[in-house]
Amino acid sequence: PSLEALVALVKTDMERVNAVILARTGSDVAMIPEVANHLISSGGKRLRPMLTLACAALAGYRGDGHVKLAASVEFMHTATLLHDDVVDESDMRRGKLAARKLWGNEASVLVGDFLLGQAFKMMVEVGSMTCLDILSTAACVIAEGEVMQLAAAKNTATSEDDYLAVIRGKTAELFAAACEVGAVLAQRPKAEQAACRSYGMNLGIAFQLVDDALDYGGSQAKLGKNVGDDFREGKITLPVLLAFRRGDEKERAFWQRCLENSEASAADLDQAIGLMTKHRAIADTVERARHYGAIAKDALALFPAGPAKAALMEAVDFCLSRAH
Ligand code: 2DE
Ligand code: MG
Ligand code: MG
Ligand code: MG
Ligand code: MG
């Protein structure tokens, strides 16, 4: 599976989005375009803005607003990545040094703030109060997800429901909003707007489950970021929850030492991956991702077959295939 159909579907629109992105990273303050473009031109997939464009196409939208909304979505995403690498103390992003390693944490946070401001300016220019509501709500919910994650860090008593609430917020909410605004612009019936939102929400959950599986089961070369970041930070993700729950007393003591006391060495990471393999924790996390991917696909049932629907279906398979 690839994103080929999605890329082809939105090709002309995406060229316009890229032009808007380039123009809107501009500032007389030289460090702003420098830092922003380091990340924006580092080979991201542009998945979220493509979803906005594809849902607008699915809904038969005829105007221009989708271009600026898609650019807003990518700016929000870029802002979250700049902030995320500061919060997570990550060194690598998309195969390059994270912006914070080159310009520092302060610059990363502040350029993220600039992009967030630009995103909201573009939403205002589009003029849909409903879309402004959806995307500004998403900004709040993303932050809530991150704060919930912070509160749950190093706590092996975290439940699967707590974990799910975190990933719904920090990741799936932006996917949901990106898709919903496409249908809202087209002024489709509420059921179709809700279907696009549900597609994005479930795809986003699947996406983060795969991301969390890859943090243990992936390779640095393929990920473009370091494996084991979550472990070193004491993040309680589903692979950890499953291995912890399935482990014996000795294994649980190991997880508690590593995660609760942040005492994880490179050898500990190897042992963690070994325990996850033994208990099928990574495989079952990917299996859970497949479950949410199937729900995402089902959400589109009320739309007739066509190129937009086919591209969105394939996008689900692509996100799941990242796990292999
Ligand atoms: C990805 O999680 C989640 C990203 C959301 C980050 C949001 C922050 C709040 P990961 P990776 C920090 C900022 C909110 C704004 C600007 C509205 O697993 O593995 O850390 O790619 O992602 O590092
Ligand atoms: Mg991170
Ligand atoms: Mg993070
Ligand atoms: Mg991650
Ligand atoms: Mg991480």
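Residues numbered from 1 in each chain as written. Chains lettered and ligands numbered in written order. Predicted model: local features only at pLDDT ≥ 70, side-chain atom pairs only at ≥ 80, totals over all residues. Heavy atoms only, no water.

Caption draft 1: Focus on the packing of helix H2 (residues 11-24) against helix H5 (residues 65-87). Where H2 meets H5, the closest approach of the two axes is 9 Å, and the angle between their N-to-C directions is 55 degrees. Judged by the inter-axis angle, H2 sits oblique to H5. Crossing angle aside, the handedness with which H2 passes H5 is right-handed. In this structure, H2 contributes Asp13, Arg16, Val17, Val20, Ile21 and Arg24 to the contact, and H5 contributes His66, Val67, Lys68, Ala70, Ala71, Glu74 and Phe75. When its residues are assigned to classes, the contact of H2 with H5 shows seven nonpolar, one polar and five charged. (Axes fitted to C-alpha atoms, helices over the stretch in contact; angles between N-to-C directions. Helix = DSSP H or I, 4+ residues; strand = E, 2+ residues; numbered from the N terminus. Parallel < 35°, antiparallel > 145°, perpendicular 65-115°, else oblique. Left-handed = near helix turned anticlockwise from the far one by under 90°. Contact = heavy atoms within 4.5 Å. Nonpolar A, V, L, I, M, F, W, Y, C, P; charged D, E, K, R; others polar.)

Caption draft 2: View of the coordination of the magnesium ion (ligand 3). Around the magnesium ion (ligand 3), the donor atoms from the protein are Asp84 (OD) and Asp88 (OD), and they sit 2.1 to 2.2 Å away. A distance of 3.1 Å spans the gap from the magnesium ion (ligand 3) to the magnesium ion (ligand 2), which Asp84 bridges by coordinating each metal. By relative accessible area, which is 11% here, Asp88 ends up buried. (Donors = N, O, S within 2.8 Å, 3.2 Å for Na, K, Ca; no water. Buried < 20%, exposed > 50% of the residue type's maximum accessible area, 1.4 Å probe, protein only.)

Caption draft 3: Expanded view of the packing of helix H8 (residues 129-152) against helix H9 (residues 160-185). Relative orientation of the contacting elements H8 and H9 amounts to 170 degrees, with a least axis distance of 7 Å. For the element pair H8 / H9, the angle class is roughly antiparallel. Of the residues in H9, those in contact with Thr130, Cys131, Ile134, Leu135, Thr137, Ala138, Val141, Ile142, Gly145, Glu146, Met148 and Gln149 of H8 are Ala165, Val166, Gly169, Lys170, Glu173, Leu174, Ala177, Glu180, Val181, Val184 and Leu185. The residue inventory of the contact of H8 with H9, partitioned by class, reads 14 nonpolar, five polar and four charged.

Caption draft 4: Representation of the nonpolar core in the model. One finds Leu6, Leu51, Tyr199, Phe231 and Trp255 to be the most contacted residues of the largest nonpolar core, which totals 106 residues. Among the elements that line this core, the one with the most residues is H9, at 14 residues. (Core = buried A, V, L, I, M, F, W, Y, C linked by side-chain atoms within 4.5 Å.)

Caption draft 5: Representation of the site of ligand 1 within the structure. Taken together, 13 residues form the shell around ligand 1, and within it Asp84, Asp88, Arg93, Asp211 and Lys225 come nearest. A distance of 3.2 Å is found between an oxygen atom of ligand 1 and a side-chain nitrogen or oxygen belonging to Lys170. Protein coverage of the free-state accessible area of ligand 1, which is 620 Å², stands at 90%. Taken together, the elements giving at least two residues each to the shell around ligand 1 come down to H5, H8, H9 and helix H10 (190-217). (Near = heavy atom within 4 Å. Polar contact = N/O pair within 3.5 Å; in protein donor to acceptor, adjacent residues only side chain to side chain. Areas by Shrake-Rupley, 256 points an atom, 1.4 Å probe, with all protein chains shown as cover.)

Caption draft 6: Representation of the pattern of salt bridges. If you walk through the whole model with that rule in mind, you get 25 salt bridges. A salt bridge links Glu15 to Lys11; its shortest N-O distance comes to 3.1 Å. Remark: Lys11 and Glu15 occur in helix H2; sequence separation between them is four residues, near one turn of the helix. Looking at Glu15, the relative accessible area reads 47%, which means it is partly exposed. Arg280 is the partner of Asp284 in a salt bridge, and the nearest nitrogen-oxygen pair spans 3.8 Å. The class of Asp284 is partly exposed, set by a relative accessible area of 22%. Several salt bridges share partner residues, and in doing so they unite Asp88, Asp230, Glu233 and Lys235 into one network. (Salt bridge = Lys/Arg side-chain N within 4 Å of Asp/Glu carboxyl O.)

Caption draft 7: Representation of the side chain of Arg322 within the structure. In this structure, Arg322 sits in the segment after helix H17 (307-321). Although buried, Arg322 forms no salt bridge, and the nearest oppositely charged side chain, Asp211, lies 4.4 Å from it. Those residues in contact with Arg322 that sit more than four places away from it in its chain are Lys45, Phe207, Val210, Asp211 and Leu214. (Lys, Arg positive; Asp, Glu negative; His and termini not counted.)

Keep in mind that these numbers describe shape and distance, not what the molecule does.
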